[in-house]
Amino acid sequence: MADPAPAPPPPAIKPAGSPILTAGGIVLAIGGLYFGRDIFVPFALAILLSFALTPLVNWLRRWRLPRIAAVLVAVTLAFILIAGIGFVVGRQLVQLANNLPSYQTTITDKIRSLQASAPGGGIVDKVTTTIQDLGKEISGEEKVSQQNTRALGSGAASQEPITVRLERPEPRPLEIIQTVVGPLLAPLATAGLVVIFVIFVLLEREDLRDRFIKLAGAGDLQKSTQAINDAAARVSRYLLMQLVVNLTYGIPIGIALYFIGVPNAVLWGLLAAVLRFIPYLGPFLAALFPIALAVAVDPGWTMLFWVVGLFLVAELISNNVVEPWLYGSSTGLSSLAIIMAAIFWTTLWGPVGLFLATPLTVCLVVIGRYVPQLEFLGVLLGSDPVLAPEERLYQRLLAGNLEEAVEIAEDYVDECSSREFYDNVAIPALRLAENDRQRSTTDTNYRRLVADTAICVVREIEDHVREKVPSSDEPDEQTGENRLPSETVERPPSVLCLAGRTELDRAAAEMMAQVFEERSIRARVLPPIAVSQGALGQLDLQGVDVVCLSYLHPQPQVYARYICRRLRRRAPHVKLVVCCWNLAPGTGQTEDLKKQIAADAVFVSLEACVDQVDAWVCRATSPGGTPPVLPDTEQEQLAALHDLGLASARHRRFDEVSRTVAQAFDAPIALVSFVDEVDRPLPDASGTPQELQAAGRPPHEESLDARVIAANEVLVSEDVTEDPRFADDPLVLEKGIRFYAGAPLRTSSGLVIGSLCVIDTRPREFAESDRRHLQEIADELMAQIERRPADGMGPTQSEGIKVAGKK
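What you see is a predicted model; the values in this text were computed from it and never measured.

Novice: Tell me about the overall build of the protein, and please be specific about residues and values.
Specialist: Helices and strands together make up the secondary structure of the protein, namely 30 helices and 9 strands. For the protein, the residues scored as buried account for 40% of the 807 residues in total. In the protein, of all internal contacts separated by at least 6 residues, the share reaching a separation of at least 24 is 71%. Accessible surface computed for the protein: about 45,500 Å², of which carbon and sulfur atoms make up 60%.

Below, the structure is given as structure tokens:
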């Protein structure tokens with residue numbers, strides 16, 4: 001009996017939802033911190049002190065001191081300093097307590113003077129007394145009091161009251177010790193634990209770090225090490241900078257209070273330095289005591305005003321000068337996070353939590369950066385922006401919040417430039433909108449709102465940039481001459497920016513045109529309807545040297561190829577640029593796209609596009625004028641091909657004619673091409689003449705034939721590499737072509753339907769007689785094509801065509 005097939009393994013048990021586990025872990029952690037505060041508070045203080053003492057220990061170690069000795073010396077010095085400060089503060093407090101009774105008279109006189117100098121002088125006291133009497137009358141307290149008085153008076157004669165005295169027994173020695181030492185036991189125990197923890201943390205610092213990495217690293221040593229280094233650097237820098245800030249705050253205050261005449265100025269200076277560790281509330285508490293003492297000491301009010309002014313000036317200088325200069329981004333916490341942290345840790349651990357709030361929260365933010373489950377801590381508490389600039393702008397565009405969108409744009413433009421803003425923020429924001437459109441997560445109304453708001457932002461940036469440009473009356477920095485108004489400056493040839501498919505493409509085209517205008521390149525923008533099939537033939541290309549197609553679609557090849565073909569046929573001299581904003585820079589796709597689309601250039605960044613167009617426009621300013629733009633005759637040409645029986649490739653066998661023409665002009669290749677041939681690649685002129693002849697006819701959209709068909713005249717380039725018309729055309733230069741001569745193939749009605757060309761791999765001369773002879777051959781070929789039946793196979797030999805021999 002065969003063994004049964006093994007049962008399939010049980011499905012893997014998926015862990016419970018991580019958000020639930022994370023929330024449960026946080027609740028347990030908070031509960032542990034609260035109920036175990038007697039242990040965690042000393043340990044947290046010890047960790048904080050170890051951060052401050054580690055530099056001192058390392059410095060002692062560099063002097064060849066053993067680790068144990070270095071730790072003991074550092075801890076001893078630290079606690080001697082703390083004890084010394086405590087002793088000074090204690091003496092000052094005792095002195096203050098002894099002097100308080102002498103201030104009672106001054107305080108009483110000021111209260112009375114305030115009451116007497118109040119508006120109405122004593123009216124408040126009278127009103128208060130009247131209200132109290134009325135209240136007693138209503139409640140009946142006055143009648144009850146009078147009855148009790150009469151009862152006591154009648155009974156006084158019959159019975160004399162007995163005085164009773166209650167005395168406590170003499171306290172025992174243990175009770176005295178418990179009363180005096182009891183309140184001190186908890187602070188002393190905490191201080192002892194802090195000392196022990198500090199010593200062992202400093203002694204076992206490397207071992208504790210390794211154990212933490214093993215426990216929390218989960219095998220990722222890099223992230224664990226980065227987290228520890230980041231936390232240590234932030235906390236150490238915070239403590240150092242906070243100490244410097246507090247000293248620069250407390251010492252001047254103590255000195256100033258001494259000269260003002262406030263008693264115990266040393267105490268208030270130390271208190272100001274210490275209390276400033278408490279965020280936001282500390283300076284207020286530090287100022288409260290000197291202000292109260294100034295009221296009690298000075299019979300007048302001058303000292304009070306001096307003290308209040310002192311703290312206000314010190315706070316302004318510290319907040320606006322010292323802290324920004326020293327802090328920078330030392331903590332990485334937002335202001336709201338600091339306040340919430342102070343409330344949270346004070347609720348857990350009392351007053352000690354106020355001092356530990358900022359360092360502990362810094363550690364939580366660092367943990368949130370490196371632990372994915374706690375990433376929300378870094379988002380909620382950190383000061384770093386949680387949205388990228390393009391995401392912030394996209395959110396404002398989605399909300400239609402033009403004011404905030406313009407504010408973001410103007411701030412970025414003031415810091416960088418409009419081109420950088422469009423390249424790094426605005427166009428990526430439109431890319432996000434297009435990606436949402438591809439996922440169908442936004443409807444048409446939202447897309448239109450994004451596009452319209454983005455165009456409004458472009459208009460605002462244009463005005464903002466124009467306001468920053470110096471007026472025409474101011475001299476130019478380079479030439480020293482006054483600038484001319486924009487109307488009188490000769491403008492270079494124009495650039496036409498076309499939106500490819502959607503209103504988002506139009507917004508990107510508006511941005512591109514605005515940058516062109518900043519470079520004094522005249523540009524105009526047309527919406528997507530201008531490149532539709534019906535409207536493309538009516539496009540006004542007169543005076544246009546460069547056409548820039550804008551696409552946010554991730555695959556614009558199909559759409560751009562058709563438009564480039566139609567534009568190339570009408571205006572071969574125009575440079576065609578396709579901007580694919582949804583391709584990642586540096587992916588190497590631009591060259592492939594350029595060949596597929598048959599464009600002069602494909603760009604993924606606005607900077608590269610503007611630089612190249614600027615170079616083309618400067619070159620296009622040479623004398624000679626702009627070639628005329630031809631009407632779009634594509635439909636007529638295709639109809640003529642159909643009437644002549646050339647609609648099918650099998651009716652276009654002109655191999656024998658091509659060989660005869662090549663031999664006549666002593667060239668390696670001659671080709672016959674028609675206007676609708678767009679699928680065959682350009683032949684590689686680096687091969688043999690036979691290979692070149694068999695390679696097929698090149699598409700005129702990607703070759704020199706396009707210019708012949710568009711110009712309707714013989715075109716000759718004796719050296720393509722030296723010809724300025726093709727010097728930067730990779731579609732021609734990469735194929736090894738050096739010489740080209742082409743003649744148009746015209747019907748009897750004068751309509752151009754193709755070309756007859758001669759190609760060579762080396763430069764050569766082509767006389768005027770050769771030009772006429774090439775045109776005569778082309779005309780004779782067309783005459784024979786028109787004479788044959790429409791369903792014929794076409795000429796397969798050179799009979800009937802008079803070809804002159806080599807001259």
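Novice: Hey, could you go over the environment of Val708 for me, with residue numbers and the actual values?
Specialist: You can see Val708 is positioned in helix 28 (residues 705-711). Residue classification places Val708 among the buried residues on the basis of a relative accessible area of 0%. For Val708 and Cys757, which are 49 residues apart along the polypeptide, the C-alpha to C-alpha distance reads 9.1 Å. Val708 has contacts with Glu713, Leu715, Tyr740, Gly742, Ala743, Pro744 and Ser755, leaving out every residue within four places of it along the chain.

Novice: An account of the pairing of strand 9 (residues 752-760) is needed here, citing residue identities and associated values.
Specialist: Regular strands show a simple pattern: their side chains alternate between the two faces of the sheet. With 9 of 9 residues buried, strand 9 is to be regarded as a mostly interior element. Strand direction decides the pairing type here: strand 6 (residues 669-674) and strand 9, joined by 6 bridges, are antiparallel. Bridging across to strand 9, Ile669 finds its partner in Ile759. Two strands pair when backbone bridges link them, and strand 8 (residues 739-746) and strand 9 are joined in this way by 8 bridges, in the antiparallel orientation. Residue pairing for strand 9: Arg746 is matched across the bridge by Val752. Counted along the chain from strand 8 to the antiparallel partner strand 9, the turn is 5 residues long, and its residue Gly750 has a positive phi close to 90°.

Novice: How would you summarise the packing of aromatic side chains if you had to cite specific residues and measurements?
Specialist: Counted by the stated rule, this structure contains 11 aromatic pairs. Ring geometry for Trp268 versus Phe289: centroids 6.0 Å apart, planes at 5°, classification stacked. With Trp268 in helix 10 (residues 265-275) and Phe289 in helix 11 (residues 281-297), this residue pair connects regions lying 21 residues apart in the sequence. Among the residues examined, Phe289 registers a relative accessible area of 41% and is labelled partly exposed. Considering the side-chain rings of Phe344 and Trp345, the 5.1 Å spacing of their centres and the 80° angle between planes classify their relative orientation as edge-to-face. Overall, Phe344 belongs to the partly exposed group, its relative accessible area being 32%. With a relative accessible area of 6%, Trp345 lands in the buried category. The rings of Phe344, Trp345 and Trp349 are connected pair by pair, giving a single aromatic cluster.

Novice: An account of helix 20 (residues 503-518) is requested, with residue identities and associated values reported.
Specialist: Relative to the 22 Å expected for 16 residues at 1.5 Å per residue, helix 20 spans 23 Å between its end C-alpha atoms, a close match to the ideal helical length. The buried fraction of helix 20 amounts to 12 of the 16 residues, a majority that puts the element mostly inside the structure. Every buried residue belonging to helix 20 is among Leu504, Asp505, Ala507, Ala508, Ala509, Glu510, Met511, Met512, Ala513, Gln514, Val515 and Phe516, and all of these are buried. Positive backbone phi, at 60°, marks Ser520, one or two positions downstream of helix 20.

Novice: Requested: an account of empty space enclosed by the protein, with residues and values cited.
Specialist: Enumeration according to the criterion identifies 3 cavities of 30 Å³ or more in this entry. By volume, the second largest cavity amounts to about 40 Å³. For the second largest cavity, the full set of lining residues is Leu393, Leu397, Phe421, Tyr422, Ala426, Ala454, Val457, Val458 and Met511. Elements supplying a minimum of two residues to the lining of the second largest cavity: helix 16 (389-399), helix 18 (418-438) and helix 19 (444-468). Partitioned by chemical class, the residues of the lining of the second largest cavity number 9 nonpolar, no polar and no charged.

Novice: Describe a nonpolar patch on the surface, and please don't skip the residues or the numbers.
Specialist: On the surface, Leu243, Leu247, Ile251, Ile255, Tyr258 and Phe259 cluster together to form a nonpolar patch covering roughly 670 Å² of accessible area. Overall, Leu243 belongs to the partly exposed group, its relative accessible area being 41%.

Novice: Before we move on, can you summarise the nonpolar core with the specific residues and values?
Specialist: Val495 and Phe516 are the most contacted members of the largest nonpolar core, which has 51 residues in total. With 9 residues, helix 20 is the single largest residue contributor to this core. Among residues more than four places away in sequence, those in contact with Phe516 are Val495, Cys497, Ile521, Ala523, Cys548, Cys609, Val610 and Val613. Ala265, Leu267, Leu275 and Ala294 belong to the second largest nonpolar core, which has 42 residues in total.

Novice: Residues and numbers for the layout of surface pockets, please.
Specialist: Any empty space left between the atoms is revealed when a probe the size of a water molecule rolls over them. The volume enclosed by the second largest pocket comes to roughly 1,900 Å³. Looking at the second largest pocket, it is lined by 45 residues, and the ones nearest its centre are Leu49, Ile82, Ile85, Val274 and Phe277. Counting only elements with at least two residues in the lining of the second largest pocket, the list comes to helix 2 (37-62), helix 3 (67-99), helix 7 (173-203), helix 9 (221-260), helix 10 and helix 14 (351-370). Broken down by element, the residue count for the lining of the second largest pocket peaks at 10 residues, all from helix 3.

What counts, and where the lines are drawn
- Residues numbered from 1 in each chain as written.
- Predicted model: local features only at pLDDT ≥ 70, side-chain atom pairs only at ≥ 80, totals over all residues.
- Heavy atoms only, no water.
- Helix = DSSP H or I, 4+ residues; strand = E, 2+ residues; numbered from the N terminus.
- Buried < 20%, exposed > 50% of the residue type's maximum accessible area, 1.4 Å probe, protein only.
- Contact = heavy atoms within 4.5 Å.
- Areas by Shrake-Rupley, 256 points an atom, 1.4 Å probe, with all protein chains shown as cover.
- Pairing = 2+ DSSP bridges.
- Phe/Tyr/Trp six-rings, centres within 6.5 Å; stacked < 30°, edge-to-face > 60°.
- Expected span 1.5 Å × (residues − 1).
- 1 Å grid on protein atoms, 1.4 Å probe; cavity = no way out; pocket = protein on both sides within 12 Å on 5 of 7 lines; lining within 4 Å.
- Points joined across faces, edges and corners; volume = space filled by probe spheres on them.
- Nonpolar A, V, L, I, M, F, W, Y, C, P; charged D, E, K, R; others polar.
- Patch = residues over 30% accessible without salt bridge, like charges linked within 9 Å, V, L, I, M, F, W, Y side chains within 5 Å.
- Salt bridge = Lys/Arg side-chain N within 4 Å of Asp/Glu carboxyl O.
- Core = buried A, V, L, I, M, F, W, Y, C linked by side-chain atoms within 4.5 Å.

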